[in-house]
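# What the coordinates show
Each chain, written out:
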Amino acid sequence: MRVYRPTAIAGSEITPEASYFNRREMLRMAAAGGLTLAAPSLASGATQADLQFSPGGYDPEEEITPEADATSYNNFYEFGTGKADPAAKSADFNPRPWSIMVDGLVNKPAEFDLDALMALGLEERIYRMRCVEAWSMVIPWIGVSLAGLLDRVEPLGSAKYVAFETIVRPDEMPGQRGLFQPLNWPYVEGLRLDEARHPLTILSMGMYGKTLPNQNGAPVRLVTPWKYGFKGIKSIVRITLTEDQPASTWNRLAPGEYGFYANVNPAVDHPRWSQATENRIGGGGFFGSNDRPTLPFNGYGDEVAGLYAGMDLKANF
Ligand SMILES: Nc1nc2c(c(=O)[nH]1)N[C@H]1C(S)=C(S)[C@@H](COP(=O)(O)O)O[C@H]1N2
Ligand SMILES: [Mo]
């Protein structure tokens, strides 16, 4: 039996007690029709509102990372390069109202606001997350299928890739102003169309039962659990269907270190460190030994290996 560990969060952010004592039991009961989940209250204007969602599949049955760790140890360079910067320096970021433009090689380009995205159907997906820096977490995301969104805009036959773009808002994002600019903005990412359509791929709008905190990519970020964390582009404003492989921020910066595919692969080391093992964050220490073996495709090989049949995974890392 696994539970959300109660964590030291502000009283105003505490979710209904039911969310805490045994999340998986609660979701099973909900699936069986025995329990009503919290109603959505996005209109309340709260910075973090409860979400209504249905249970999704793919639960890895591993201990969920404490919420306090998942929301305080982050990579989001728009707010600074330190792990504590995104939580400490994102209070001025205002993710509402918001909309995502979906365009490019599609029949029906359209702009989707948050209500339109949520209407695609929110599901909870408990996924492993493996950063290319060799740390990992298990996070209960709440999101919608990216395939469902793509269906709405009707990709043309010529569309082969999907490009993603993060917002540029220097007045609200301290990492985007000042002398030291660690990356070129906007942060961009991309997937092959079949990867984007894969059932594991979601646009996440929440975690731990609530809307996303700013530091985790509010209000909408990508989650592809079989790829390194940097593919999970945050605070998305544009999604464009393309014929050619789109640029991705880390690949452009250091192509010998970060590939376009970025599939988790313990057999392909980063030039400066091993990818064979990882450090599961949580339980107090961020800097424990990397004692956990890293799994091919982060443990999602049964689901996704077929996407790469015949491909040289060492050359196409
Ligand atoms: N726009 C943007 N998206 C981003 C990043 C970033 O710096 N900017 N960092 C990436 C990296 S390296 C990781 S590991 C994950 C971290 O997500 P988390 O902070 O929610 O764990 O976000 C990814 N998405
Ligand atoms: Mo990362």
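These figures come from a predicted structure and were not determined experimentally.

A few words now on the pattern of salt bridges. Inspection of the entire model under this criterion finds 17 salt bridges. Note that Glu123 and Arg125 form a salt bridge whose closest N and O atoms lie 2.8 Å from each other. Look at Glu123 and you get partly exposed, because its relative accessible area is 26%. Arg125 sits in the buried class, given a relative accessible area of 7%. Between Arg197 and Asp151 there is a salt bridge, and its shortest N-O distance comes to 3.0 Å. Remark: Asp151 occurs in helix 6 (residues 146-153) and Arg197 occurs in the loop between helix 7 (193-196) and strand 8 (202-207); sequence separation between them is 46 residues. Note on Arg197: relative accessible area 33%, which makes it partly exposed. Classification of Asp151 by relative accessible area gives partly exposed; the value is 48%. Overlapping salt bridges, with partners in common, bring together Glu62, Arg128, Arg130, Glu278, Arg280 and Arg292 in one network.

Bringing the confidence of the model for the protein into the picture now. On average, the protein scores 88 in pLDDT, and the residues at 70 or more come to 83%. Note on residues 1-21: pLDDT under 50 across the span, and 40 contacts to partners over four residues away in sequence or across chains.

Further remarks concern the environment of Val264. Along the polypeptide, Val264 turns up in the loop between helix 8 (249-253) and strand 12 (277-280). Setting aside its immediate chain neighbours within four residues, Val264 contacts Arg130, Trp226, Lys227, Tyr228, Thr294, Leu295, Pro296, Phe297 and Asn298.

For the rest of this paragraph, the subject is the UniProt feature "binding site: Mo-molybdopterin" (unreviewed entry) in the protein. Residues annotated in UniProt with the feature "binding site: Mo-molybdopterin" (unreviewed entry) correspond here to Asn74, Tyr77, Glu78, Cys131, Thr166, Asn216, Arg221, Gly232, Ile233 and Lys234. Considering only the annotated residues already named, the ones lining the largest cavity are Arg221 and Gly232. Of note, Asn74 is situated in the loop between helix 3 (67-70) and helix 4 (85-89). Ignoring any residue separated from it by four or fewer positions in sequence, one finds Asn74 in contact with Gly82, Lys83, Pro86, Gln215, Asn216 and Lys234. Within the structure, the side chain of Asn74 is placed 3.4 Å from the backbone nitrogen of Ser72, a separation counted as a polar contact. With respect to the helices, strands and loops of the structure, Lys234 is situated in the loop between strand 10 (221-223) and strand 11 (236-242).

Let us look at the nonpolar core. Judged by nonpolar contacts, the single largest core of 77 residues is most densely connected at Trp141, Leu146, Phe164, Leu203 and Ile239. Leave out the neighbours within four places in its chain, and Phe164 touches Leu146, Tyr187, Val188, Glu189, Gly190, Leu191, Leu222, Ile233, Ile236, Arg238 and Ile239.

Here we come to empty space enclosed by the protein. By the definition in use, this model includes three cavities of 30 Å³ or more. Considered as a void within the structure, the largest cavity measures approximately 100 Å³ in volume. Lining the largest cavity are 14 residues, and of these Met129, Val223, Thr224, Lys227 and Gly229 lie nearest its centre. Secondary structure elements with two or more residues in the lining of the largest cavity: strand 4 (123-130) and strand 10. Looking at side-chain class alone, the lining of the largest cavity contains six nonpolar, three polar and five charged residues.

To continue, consider the packing of aromatic side chains. All told, the structure shown has 13 aromatic pairs when counted by the stated rule. Summarising the aromatic geometry, the rings of Phe230 and Tyr258 are spaced 5.6 Å apart at their centres and angled 80° between planes, so their arrangement reads as edge-to-face. With Phe230 in the loop between strand 10 and strand 11 and Tyr258 in the loop between helix 8 and strand 12, this residue pair connects regions lying 28 residues apart in the sequence. Centre to centre, the rings of Phe297 and Tyr308 are 5.6 Å apart; their planes meet at 10°, and the pair counts as stacked. Of this pair, Phe297 sits in the loop between strand 13 (292-293) and helix 9 (301-304) while Tyr308 is found in the segment after helix 9, placing the two residues 11 residues apart along the sequence. Exposure class is identical for Phe297 and Tyr308. Each is buried. Taken together, the aromatic side chains of Tyr161, Phe260, Tyr261, Phe297 and Tyr308 make up a single cluster linked through ring pairs.

In the region of ligand 1, 16 residues are neighbours, and Asn74, Tyr77, Glu78, Gly232 and Lys234 sit closest. Between ligand 1 and Asn75, the relevant distance is 3.2 Å, taken from a nitrogen atom to a main-chain nitrogen or oxygen of the residue. Interatomic distance of 3.0 Å between a side-chain N/O atom of Asn216 and an oxygen atom of ligand 1. Computed on the free molecule, ligand 1 has an accessible area of 540 Å², of which 98% lies beneath the protein chains in the complex. Of all the cavities here, the one that holds ligand 1 is the largest pocket.

Before going further, it helps to examine helix 6. Looking only at helix 6, the buried set comprises Leu146, Ala147, Leu149, Leu150 and Val153. Down the axis, helix 6 shows its buried residues gathered within 160° of arc, on one side only. Residue Ser145 occupies the N-cap position of helix 6, its side-chain oxygen lying 3.2 Å from the main-chain nitrogen of Ala147.

Conventions adopted
- Residues numbered from 1 in each chain as written.
- Chains lettered and ligands numbered in written order.
- Predicted model: local features only at pLDDT ≥ 70, side-chain atom pairs only at ≥ 80, totals over all residues.
- Heavy atoms only, no water.
- Salt bridge = Lys/Arg side-chain N within 4 Å of Asp/Glu carboxyl O.
- Buried < 20%, exposed > 50% of the residue type's maximum accessible area, 1.4 Å probe, protein only.
- Helix = DSSP H or I, 4+ residues; strand = E, 2+ residues; numbered from the N terminus.
- pLDDT = per-residue confidence, 0-100.
- Contact = heavy atoms within 4.5 Å.
- UniProt positions renumbered as here; feature names shortened; annotations may be inferred.
- 1 Å grid on protein atoms, 1.4 Å probe; cavity = no way out; pocket = protein on both sides within 12 Å on 5 of 7 lines; lining within 4 Å.
- Polar contact = N/O pair within 3.5 Å; in protein donor to acceptor, adjacent residues only side chain to side chain.
- Core = buried A, V, L, I, M, F, W, Y, C linked by side-chain atoms within 4.5 Å.
- Points joined across faces, edges and corners; volume = space filled by probe spheres on them.
- Nonpolar A, V, L, I, M, F, W, Y, C, P; charged D, E, K, R; others polar.
- Phe/Tyr/Trp six-rings, centres within 6.5 Å; stacked < 30°, edge-to-face > 60°.
- Near = heavy atom within 4 Å.
- Areas by Shrake-Rupley, 256 points an atom, 1.4 Å probe, with all protein chains shown as cover.
- Sits in = over half its atoms within 2 Å of the grid points.
- Arc of directions from axis to C-beta.

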